[in-house]
Amino acid sequence: MRRGITFDSEWFCGPGCLADATARRLEALRPPSIARVPTMPPVRLGATLLASRSISSDVLAQALASQATTGLRLGAQLVAMGAVEELTITHALARQSGVGFLTKVDVRAVRKTVGGLSRTVVQALGVVPLESDRDGTLRIAVTAPLPRMAIAALQSGTGLRVRPYLVSDAMLRELLDAYGADVTPSPAPGVGRLSAVQAARRIADAAIAGRAATWQHTWGPGFAWIRLDGASGSEDLIVASSRTEHTWQAARTQH
């Protein structure tokens, strides 16, 4: 009788063989090269606010001068000065990005996960799923500048059409803190820091325990998102290369 383990449509002689092969596969992962396509330069926020007569040129000059000492982004600087409301900034940034915007979101609605996306994945991407529609659209909350790589990772990892909505920085922080809190507690900082070999052993353990039958990956901003799929659900690994330690960081979740 042939013994061994079948995982991701391949046969392995045992746990060690599976872990070794998976480690090599992890180490071989490389982020895709992104071609730089020439585009028209974006309209600056200051110009947008001037055009809508939300601020005067004197106020803009004062805000730009203050940025040198505060280090704030222009929108945050104008709000701190009391020159404009945060809603005005969000609206202007949404017009710049060509997306919709939200002024209010019920934080309680995201305390459970949305669209099968774990808390760890959401916090790594820095965007918050709000609703998964029946037509295959995933609505998410983002801040400016539009996180295009995170959006692309969600589309690739879920197969859904992703529709971003701009929210204020403060609202996104609140949503990120609340997302999935009723399902998964926040991971402690630094927990789950794994090398490629250690991450491979986690994958092998999941396969041996019957929790995972296949795995796939997609790239987020600075990390690989590994998803293990099995009969009981899926598990996520967020694996990021470290320039200084030559290790990978991984955090495991289950949902």
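So, here's what we can say about the structure. Computed from a prediction, not measured in an experiment: that's the story for all the values here.

Remarks on the nonpolar core
Stage number 1. Ranked by internal contacts, the top residues of the largest apolar core, which has 34 residues, are Leu 117, Leu 125, Val 128, Ile 140, Leu 154 and Leu 175.
Stage number 2. Mapped onto this core, the elements with two or more residues apiece are helix H6 (119–125), strand E4 (128–132), strand E5 (137–142), helix H7 (148–158), strand E6 (161–166), helix H8 (169–178) and strand E8 (223–230).
Stage number 3. If you tally residues by element for this core, the top one is H8, at five residues.
Stage number 4. In this structure, this core is formed jointly by two domains, domain 1 (5–30 + 189–240) and domain 3 (109–178), each of which donates at least three residues.
Stage number 5. Not counting residues within four places of it along the chain, the set of residues in contact with Leu 154 comprises Leu 117, Leu 125, Val 127, Leu 138, Ile 140, Gly 159, Val 162 and Trp 225.
Stage number 6. Grouped together as the second largest cluster of nonpolar side chains are 23 residues, Leu 29, Ala 196, Ala 200 and Leu 237 included.

Remarks on the sheet that holds E4
Stage number 1. On the basis of which strands lie adjacent, the open sheet formed by four strands has the order E3-E6-E5-E4 and mixed pairing. Strand pairing shows two members of the sheet lacking a second neighbour, strand E3 (100–101) and E4, which therefore form its edges.
Stage number 2. Pairing analysis gives six bridges linking E5 to E6, with the strands arranged parallel. Directly across from Ala 141, in E6, lies its bridge partner Tyr 165.

Some thoughts on the environment of Asp 20
Stage number 1. With respect to the secondary-structure elements, Asp 20 resides in helix H1 (residues 15–28).
Stage number 2. You can call Asp 20 partly exposed: its relative accessible area is 47%.
Stage number 3. In this structure, the C-alpha to C-alpha distance between Asp 20 and Val 197, residues 177 residues apart in sequence, is 7.5 Å.

Thoughts on the pattern of salt bridges
Stage number 1. Tallied over the entire structure, the rule returns eight salt bridges.
Stage number 2. In this structure, Arg 139 and Asp 133 form a salt bridge, with 2.7 Å as the shortest nitrogen-oxygen distance. For the pair shown, Arg 139 and Asp 133 are each scored as buried.

Some thoughts on the layout of surface pockets
Stage number 1. What the largest pocket holds in volume is close to 760 Å³.
Stage number 2. Looking at the largest pocket, it is lined by 25 residues, and the ones nearest its centre are Leu 45, Leu 93, Gln 96, Ala 144 and Pro 145.
Stage number 3. Of all elements in the fold, only helix H2 (45–51), helix H4 (74–81) and helix H5 (86–97) reach the threshold of two or more residues within the lining of the largest pocket.
Stage number 4. No other element matches the six residues that H5 contributes to the lining of the largest pocket.
Stage number 5. In terms of residue class, the lining of the largest pocket is made up of 13 nonpolar, seven polar and five charged.
Stage number 6. Among the domains, domain 2 (45–98) and domain 3 (109–178) are the pair contributing at least three residues each to the lining of the largest pocket.

The rules behind each value
The residue count restarts for each chain, going from 1 along the sequence in the order it is written. In keeping with the predicted nature of the model, local features appear solely for residues at pLDDT of at least 70, side-chain atom pairs appear and are counted solely at 80 or more, and the whole-chain, interface and lining totals rest on all residues. The side-chain values count all of the structure's non-hydrogen atoms but skip hydrogen atoms and water molecules. Each nonpolar core is a collection of buried residues, namely Ala, Val, Leu, Ile, Met, Phe, Trp, Tyr and Cys, held together in the definition by side-chain atoms within 4.5 Å. Think of it in three bands: with a 1.4 Å probe and only protein chains considered, a residue is buried below 20% of the maximum accessible area for its type, exposed above 50%, and partly exposed in between. Under the DSSP-based scheme used, a helix requires at least four consecutive residues in state H or I and a strand at least two consecutive residues in state E, with every element numbered from the N terminus. Each domain's extent is set by a domain assignment, obtained either automatically or from a database. A contact between two residues is defined here by any heavy atoms of the two lying within 4.5 Å. Here, strands pair whenever DSSP counts at least two bridges between them. Note on definitions: salt bridges are taken to be side-chain nitrogens of Lys or Arg within 4 Å of carboxyl oxygens of Asp or Glu. In this analysis a 1.4 Å probe is tested at points of a 1 Å grid over the protein atoms alone, and where it fits but cannot get out there is a cavity; an open set with protein on both sides within 12 Å along at least five of seven lines is a pocket; lining residues have an atom within 4 Å of a point. Grid points are joined across faces, edges and corners, and a volume is the space filled by probe spheres set on the points. Side-chain classes follow a simple rule in which Ala, Val, Leu, Ile, Met, Phe, Trp, Tyr, Cys and Pro form the nonpolar group, Asp, Glu, Lys and Arg form the charged group, and the remainder, Gly included, forms the polar group.

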